[in-house]
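# Per-entry structural report
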Amino acid sequence: MLSEDIIRIGRPIVSGDLSNEQRIRWLTDVDNEVCKNFFQHVFLIEIFADHADFHFLEIGNDEGEDFQVDKTRNAAFPIIYPNGGNPLHAQGIYPVPVFLMYEKHINDMNKEKEFASKVVLPRLKKTVIYKNESDERLECIAQQVAALLKENYDSFIEDEKQLGILYICDLNSPSFKSLSGNNLDKKLLRITESKLFPSSHLYLDGDIALEGIIEARFSEAKELGYKKKAISTITNKQEEEVVSIYNKSWLWLSPTWEMPKPIHWEKNDWINGIKVDKKSYEAFLYGAQFLKQITAPISNAILKEMFAPYMNVEAKRKMKSTSFEQIYGVPLVVPLLDGDSQQLYKKYSRILNQENLTDADLHLEILAGINRIIPRFSDEHRLNLLYYSGDLSRGNMHVRLMLTDIIPSVAEKLQTLIKEINTIDLFDIRAFFNLSQDRTFYRVQSLPSIISNAFGQGYTWSTLQSIFHQQPLGINRIYEATARKLAELANKEDYWGMMDELVFHFVFLAFYNKYSLRIAQNKERVKTLNGWNLLLDKYREGKIFLEDLLEVEQLGFVTGLLLKQFSHSYHFKTGHDDFLKHRVIKFGSKITPEMIWKSGILICEPLKLQWNMNLASNFEKVLPYVLQAFIEADNKKLLINEKDKFMTAFWSGYLVYKKEQKEEGNESGN
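Residues numbered from 1 in each chain as written. Predicted model: local features only at pLDDT ≥ 70, side-chain atom pairs only at ≥ 80, totals over all residues. Heavy atoms only, no water.

Before going further, it helps to spend a moment on the overall build of the protein chain. Scanning the protein chain for helices and strands turns up 25 helices and 18 strands. Taken over C-alpha atoms, the radius of gyration comes to 35 Å for the protein chain, far larger than the 26 Å a tight globule of 670 residues would show. Buried residues in the protein chain amount to 54% of all 670 residues. Surface exposure of the protein chain reaches about 30,400 Å², of which carbon and sulfur atoms provide 48%. Between the centroid of the 82 positive side chains of the protein chain and the centroid of its 90 negative side chains there is a distance of 5 Å. (Helix = DSSP H or I, 4+ residues; strand = E, 2+ residues; numbered from the N terminus. Rg over C-alpha atoms; globule rule 2.2 N^0.38 Å. Buried < 20%, exposed > 50% of the residue type's maximum accessible area, 1.4 Å probe, protein only. Areas by Shrake-Rupley, 256 points an atom, 1.4 Å probe, with all protein chains shown as cover. Lys, Arg positive; Asp, Glu negative; His and termini not counted. Charge placed at Lys NZ, Arg CZ, Asp CG, Glu CD.)

Spelled out as structure tokens, the structure:
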């Protein structure tokens, strides 16, 4: 299940060598882009004994019109951004007294009593480091804070909208320290210079802050139910205390959106679902934050290939790449066994930082459309892929697909295969059709693009799952789709567009053959470029016989060559541009195998005699065998049952044929 995968990912991070500063970055929102403007106005109240002083800080600076947070200082301000609810009210649990302030809060800072009782005090009561303090002590702190804010109100209030952070640096608490000189203790995070103790600096104790963050997150989860001396769903052992996994720490599992649950469950009865002990919950927090950081959007170019109209070429061309709802991808690498946590943590760090990666690593943009690179993992791990759309920060999202149990070695084989068809097969197929090699062919650059163009967007997710699990693929749908698109383009005489479709068709067939051989171990094969090149050579030499035309694709390909060759002579003699358009395709209809046979092949000989055409010897030798093959194919109903294969092969032959000498009608022939 997803929550267990997140915990398995988080365990190596918990035991990794992250510093306090890094851990605070992972477990809070100090680096959240949504929160950067809060750091423009920091209202810091320094308290010691009965003395207090006010600081107005800006943690960052303006770069042009954009404010940039100072990453060397912001970890000392461990803010937690509220997910859902009304942010004007005290939200969840606070590890240390660092609170986000919205415009209304800042405007009300001159209302001393109201601000103390309605803003500061409720938050202090929900702060971990003050959980054992008396109400009288908290009320005193709230009044000190409110009085100083009112006294300095005119120095910071602005006409424009303001966001800020209220920071209570209470030196009476072991969480904060005032030290003179340079501090070398890495567990302490510098806040700013002290006003109560000149020549000293204020520090946050990172160890206490981290304990508070974990406690705050665990306490927040209790709001949806908890039990003591209960069995943890994750460890399957009795633990001192367990909480529900369904909470706001990661909104994949948040109940802010309606999920199916038993009707007898109350609002705080989620504990009857998945129960998590504190240690596993800490791993869940780290794992969830890690996945947030490596989540990547699928590019607009890939989205267009995945979800543009499938059968209508013109509609796809007119679609903008920005017309599609954004989809995000999350790669999860899960160890099957508990192993070397440090080694696994180092690999997770490489995923996060995208450092020291090579072409041999897994490039998920190729495999899954996700712009992330995964270091090589052994088959003692599994790669899971999660796709979703919507706004995760609001709990308003839709899971598109959860792909599980991908074996890393299988993913490596697929990546090699896709790279191969993009560098070798695509080059050869374009050369086969005499097309330019310098244009980017987005359709085959990623596996999701290949699947969607071959089978249609309705089959993308299911086919992706089949391929990653090494299952055989059906092939008929690609022929049906290609034949329909070729018919649409033929009516518009868009021959460049037809060749574009055929390039993809043959690249996919190359992918299909290699996939079947190397991965799915399926014996079924299809005709690829080598087979058509051999048939083309035999045609040019006039060495096509009936045994070469027994399959409907072979018959279609040779028929295409034959009619294109005849069309050149027909044009030379009659002046009509296109024999196919002039004599074969009926007005307003789509060309069919029967039309090609009866209105095309059968009238070649009569027209030759009528116009006294001097046709090349290879044409004369091949025509009788083609006529005979049509009769046999018709008797076997192949022209009806396999018409898509015939038409795809026919247009391939028709468009690939190129004259080698002066065309028919001249003395030299062809």
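Following the structure, the description resumes.
We now examine the sheet that holds strand β12 (residues 275-277). Taken in spatial order, the 3 strands of this open sheet run β10-β11-β12, and their pairing is antiparallel. Unpaired on one side and paired on the other, β10 (226-231) and β12 mark the two borders of the sheet. Neighbouring strand axes in the sheet, compared pairwise and without regard to direction, differ in orientation by 50° on average. Note that β10 and strand β11 (residues 238-244) share 5 bridges and pair antiparallel. Its bridge partner lying in β11, I231 is registered against Q238. Across the face of the sheet, helix α7 (residues 206-221) comes into contact with β11 and β12 while running at roughly 70° to β11. (Pairing = 2+ DSSP bridges. Axes fitted to C-alpha atoms, helices over the stretch in contact; angles between N-to-C directions. Contact = heavy atoms within 4.5 Å.)

A few words on the nonpolar core. Membership of the largest hydrophobic core comes to 214 residues, with the highest contact counts inside it found for F508, F511 and W651. Per-element accounting of this core gives the leading share, 14 residues, to helix α17 (residues 495-520). For F508, the contacting residues outside a window of four places in its chain are I450, A454, F455, I475 and I478. (Core = buried A, V, L, I, M, F, W, Y, C linked by side-chain atoms within 4.5 Å.)

As a packed pair, helix α19 (residues 552-574) and helix α25 (residues 643-656) sit with axes 7 Å apart at the nearest point and diverge in direction by 35°. Classified by chirality, the crossing of α25 by α19 is right-handed. Contacts between α19 and α25 involve V552, E553, L555, G556, F557, T559, G560, L561, L563, K564 and S567 from the first element and K645, F646, A649, F650, S652, G653, Y654 and V656 from the second. Of the residues that constitute the contact of α19 with α25, the class distribution is 10 nonpolar, 6 polar and 3 charged. (Left-handed = near helix turned anticlockwise from the far one by under 90°. Nonpolar A, V, L, I, M, F, W, Y, C, P; charged D, E, K, R; others polar.)

Before going further, it helps to examine the environment of S599. Residue position: S599 is located in helix α21 (residues 593-599). Of the residues examined, S599 reaches a relative accessible area of 14% and is grouped as buried. Separated by 16 residues in the primary sequence, S599 and R583 place their C-alpha atoms 6.9 Å from one another.

For strand β6 (residues 164-170), a buried count of 7 out of 7 residues is recorded, marking the element as mostly surrounded by other parts of the structure. Covered by surrounding structure in β6 are G164, L166, I168 and D170 together with I165, Y167 and C169, the residues of both alternating faces. Bridge count for strand β1 (residues 42-48) against β6 is 6 bridges, and the pairing is parallel. For L44, the partnering residue across the bridge sits in β6 and is Y167. In this sheet, β6 lies alongside strand β5 (residues 98-101) in antiparallel orientation, the contact comprising 4 bridges. Paired with V98 across the two strands is Y167, which belongs to β6.

A complete count under the given rule lists 38 aromatic pairs for this structure. On the basis of an interplanar angle of 85° and a centroid distance of 6.5 Å, the ring pair of Y539 and Y657 is categorised as edge-to-face. With Y539 in helix α18 (residues 529-540) and Y657 in the segment after α25, this pair connects stretches of sequence that are 118 residues apart. Taking the relative accessible area as the measure of exposure, Y657 reaches 5% and is therefore buried. (Phe/Tyr/Trp six-rings, centres within 6.5 Å; stacked < 30°, edge-to-face > 60°.)

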